[in-house]
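Working through the structure, step by step
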Amino acid sequence: MSKICTYPFYHAEINIDGNVSCCCPDFTDFYYLGNIYEQNFEEIWYGEKWKNFRENILAEKYDKCHTEICKGLDDEQFKSKEKMLKEYIECIDGGIFPQHITLSIDSICNVQCIMCRDWNLPLNTKEQERLKANFEKFLYMMKDAKRITLDGSGEVFASQYHKRLIKAAVARYPKLKFDIFTNGLMCNEKTLRDFCLTDRLNMVTVSLHAGCEKTYNRIVKGSNYEKVLKNIKYLSELKKEGKLKGFALTFVLSSLNFKDLPDFVKIAVENDAYPNIWPIRPYNNCRVCNSQNKYDITIREHPRFNELLEILENPILKEHHLLINKQITNLFKEDRKGKME
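Residues numbered from 1 in each chain as written. Predicted model: local features only at pLDDT ≥ 70, side-chain atom pairs only at ≥ 80, totals over all residues. Heavy atoms only, no water.

This part covers unusual backbone geometry. That bond from Leu150 to Asp151 is cis: its omega, -15°, falls within 30 degrees of zero. Note that Asp151 resides in the loop between strand 8 (147-150) and helix 7 (160-172). Unlike most non-glycine residues, Asp272 shows phi in positive territory, near 55°. Looking at the element boundaries, Asp272 is found in the loop between helix 11 (261-270) and strand 13 (274-279). (Helix = DSSP H or I, 4+ residues; strand = E, 2+ residues; numbered from the N terminus.)

Written out as structure tokens, the structure reads:
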């Protein structure tokens, strides 16, 4: 049975400039369907650009998608074409808004991960005022949502705006669940209780990027490794209690931390978290991520590429399921195939 991606039918993602997409913009070549600061959400959700995108997916063309880095047909985001066509008609005719919304709208952060930003981000008054002016618009978008994901551009619990938005959403939508992306420093028991999130979490992803304190301090500036590990342990306990459906630790792979990969996976496994591994990508014009020839160890021409392949032969990386970006997975499959030949 033919399967298609559900994201254009259920999901909306808004970035810091207000641009709206149906998936991670990296995966759709930054093809935006509208702008929330310039249009009402109905105009975007039912607009011609979104309609054409959905019909393109129903035709299984994926013209705007980078399928080489997408998770692929085995992922839960793919459903049968017949089912999606039926649900698509019901969704549009019924005036149903997205069931899952990702907001990456506030870049405020309390630490500096050097592959993300190597500069202190000042409070942008214009951006903050724009967010405040659109507060009700963001809440209204959530009216049919089952899940809200916060936040791919900064630290949720360092953002005054997000904290206000969470409190309002918790009060207005009692069945709404939250997916949280965080560096883990402030994501502790007190914070989650203060924002009534302890029983409202679906997924928490903590950026760790290391397997030991020395590497962590080299990559994450202004944080505290022991505090983060303590908070990871607390989140692990929530999962054991059934209060957290999904839990993942993220590792952005580079020449600065690749030797830590087995220890990182060990930390994840010990805390019943998925080890989520991504390649380094250009972001925020920072020095490290834009110097890919120097830091992107997944490039075959990198002088330490073969060292990475040796690390990947570590048994712990084979014994446990890793959430590895497809781009990396394909690279390693090709290399192993070459060795067998």
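What follows is about the side chain of Asn257. Mapped onto the secondary structure, Asn257 falls in the loop between strand 12 (246-253) and helix 11. Judged by relative accessible area, Asn257 falls into the buried class, the value being 1%. Separated by 2.9 Å, the side chain of Asn257 and the backbone nitrogen of Ser254 make a polar contact. Sequence-distant contacts of Asn257, that is, excluding residues within four places in its chain, are made with His209, Thr215, Ile219, Phe251 and Val252. (Buried < 20%, exposed > 50% of the residue type's maximum accessible area, 1.4 Å probe, protein only. Polar contact = N/O pair within 3.5 Å; in protein donor to acceptor, adjacent residues only side chain to side chain. Contact = heavy atoms within 4.5 Å.)

Turning next to the confidence of the model for the chain. Mean pLDDT over the chain works out to 86, with 86% of the residues at or above the 70 mark. The weakest mean pLDDT in the chain belongs to helix 16 (residues 326-340) at 59; the strongest belongs to helix 10 (residues 225-240) at 98. (pLDDT = per-residue confidence, 0-100.)

Bringing the side chain of Asp296 into the picture now. Looking at where Asp296 falls in the secondary structure, it is placed in the loop between helix 13 (292-295) and helix 14 (305-311). Judged by relative accessible area, which is 6%, Asp296 ranks as buried. Ignoring anything within four residues of it in the chain, the contact list for Asp296 reads Ile280 and His302.

Taking 1.5 Å as the rise per residue, helix 10 with 16 residues should run 22 Å; its terminal C-alpha atoms sit 23 Å apart, in good agreement. Among the structural elements, helix 8 (189-194), strand 10 (201-207), helix 9 (213-219), strand 12 and helix 11 are those in contact with the buried residues of helix 10. Sitting at the head of helix 10, Asn224 places a side-chain oxygen 3.2 Å from the backbone nitrogen of Glu226. Remark: Gly242 follows helix 10 within two positions and exhibits a positive phi of approximately 80°. (Expected span 1.5 Å × (residues − 1).)

Following the criterion strictly, the structure yields 13 aromatic pairs and no others. Taking 6.3 Å as the distance between ring centres and 90° as the angle between the ring planes, the aromatic pair formed by Tyr37 and Phe138 counts as edge-to-face. Of this pair, Tyr37 sits in the loop between strand 4 (34-35) and helix 2 (41-45) while Phe138 is found in helix 6 (residues 135-141), placing the two residues 101 residues apart along the sequence. Like Phe138, Tyr37 is buried. On the basis of an interplanar angle of 80° and a centroid distance of 6.5 Å, the ring pair of Phe138 and Tyr161 is categorised as edge-to-face. Pair noted here: Phe138 is in helix 6 and Tyr161 is in helix 7, with a separation of 23 residues, a long-range link. (Phe/Tyr/Trp six-rings, centres within 6.5 Å; stacked < 30°, edge-to-face > 60°.)

Looking now at the pairing of strand 10. Within strand 10, six of the seven residues are buried, which leaves the element mostly enclosed by the surrounding structure. In terms of handedness, the path from strand 9 (residues 177-182) via helix 8 over to strand 10 forms a crossover that is right-handed. Alignment of strand 10 against strand 12, held across five bridges, turns out to be parallel. Bridging across to strand 12, Val206 finds its partner in Leu249. (Right-handed = clockwise from strand over helix to strand, strands pointing away. Pairing = 2+ DSSP bridges.)

Let us look at the pattern of salt bridges. Scanning the entire structure with this criterion turns up 12 salt bridges. Where Lys190 meets Asp194, a salt bridge forms, and the shortest distance between an N and an O atom there is 2.7 Å. Of this pair, Lys190 and Asp194 both sit in helix 8, separated by four residues, roughly a single helical turn. Its relative accessible area of 60% is what places Lys190 among the exposed residues. The partly exposed category is assigned to Asp194, whose relative accessible area is 43%. The shortest N-O distance in the salt bridge between Arg304 and Glu307 comes to 3.0 Å. Relative accessible area serves as the criterion here: at 30%, Glu307 is assigned to the partly exposed category. (Salt bridge = Lys/Arg side-chain N within 4 Å of Asp/Glu carboxyl O.)

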